[in-house]
Amino acid sequence: FQAPLIEAELEMDPTSNTEWRNMSFLAYGPTGAVSAPVVYANYGRPADFDALKAAGVDVAGKVALVRYGECFRGLKAMNAQERGAVATIIYSDPGDDGYAVGETYPQ
């Protein structure tokens, strides 16, 4: 899988047709390609990584999959890196942000 890192333009949304839309990066984070097993790390907080360690799950050399919320996204990447993860994927969980909590775009 290779993420496109850009969202499609939407006819109904004139603001989606700009080169500045959806800048998919974390400032000062390096770019690269990684192939490694994925470990789900909840919100990527220190307590989440501590829970994984207590359960015998090592994130070293793996990709940490974390959801948005609870702490700043830069801290999620830092927390994963400090535990040896080679990359972090941050996603929006629909249970936290989306149709489960109310109307979605464009309503």
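None of these values were measured; they are calculated from a predicted model.

S.K.: What is the right way to look at helix α1 (residues 46-54) in this model?
M.R.: Since the α-helix advances by 3.6 residues per turn, residues separated by three or four positions end up pointing in the same direction. If you check which residues of α1 are buried, you get D48, F49 and L52. Projected down its long axis, α1 shows its buried positions confined to an angular sector of 95°, all on one face. α1 presents A47, K53 and A54 as exposed residues on the side facing more than 90 degrees away from its buried surface. Of the surrounding elements, those touching the buried residues of α1 are β1 (38-40), β2 (63-67) and α2 (73-82). Backbone geometry just after α1 places G56 at a positive phi near 85°.

S.K.: Honestly, the nonpolar core in this entry has me stumped. Any pointers?
M.R.: Here is a general trend for soluble globular proteins: nonpolar side chains tend to be buried in one another's company. Membership of the largest hydrophobic core is limited to 9 residues, which are V39, A41, F49, L52, V59, A64, V66, A80 and A85. Elements represented by at least two residues in this core include exactly α1 and β2. Not counting chain neighbours up to four residues away, the residues in contact with L52 comprise V39, Y40, A41, V57 and V59.

S.K.: Sorry, what's going on with the pairing of β2 here?
M.R.: On any regular strand, side chains alternate: one points to one face of the sheet, the next to the other face. Most of β2 sits inside the fold, with 4 of its 5 residues counted as buried. Here β1 runs beside β2; their pairing, made up of 3 bridges, is parallel. Residue pairing across strands places V38 opposite V63, the latter belonging to β2. Taken together, β1, α1 and β2 form a β-α-β motif whose crossover is right-handed. Relative to strand β3 (residues 87-91), β2 is paired through 5 bridges, and the arrangement is parallel.

What counts, and where the lines are drawn
Residues numbered from 1 in each chain as written. Predicted model: local features only at pLDDT ≥ 70, side-chain atom pairs only at ≥ 80, totals over all residues. Heavy atoms only, no water. Buried < 20%, exposed > 50% of the residue type's maximum accessible area, 1.4 Å probe, protein only. Helix = DSSP H or I, 4+ residues; strand = E, 2+ residues; numbered from the N terminus. Arc of directions from axis to C-beta. Contact = heavy atoms within 4.5 Å. Core = buried A, V, L, I, M, F, W, Y, C linked by side-chain atoms within 4.5 Å. Pairing = 2+ DSSP bridges. Right-handed = clockwise from strand over helix to strand, strands pointing away.

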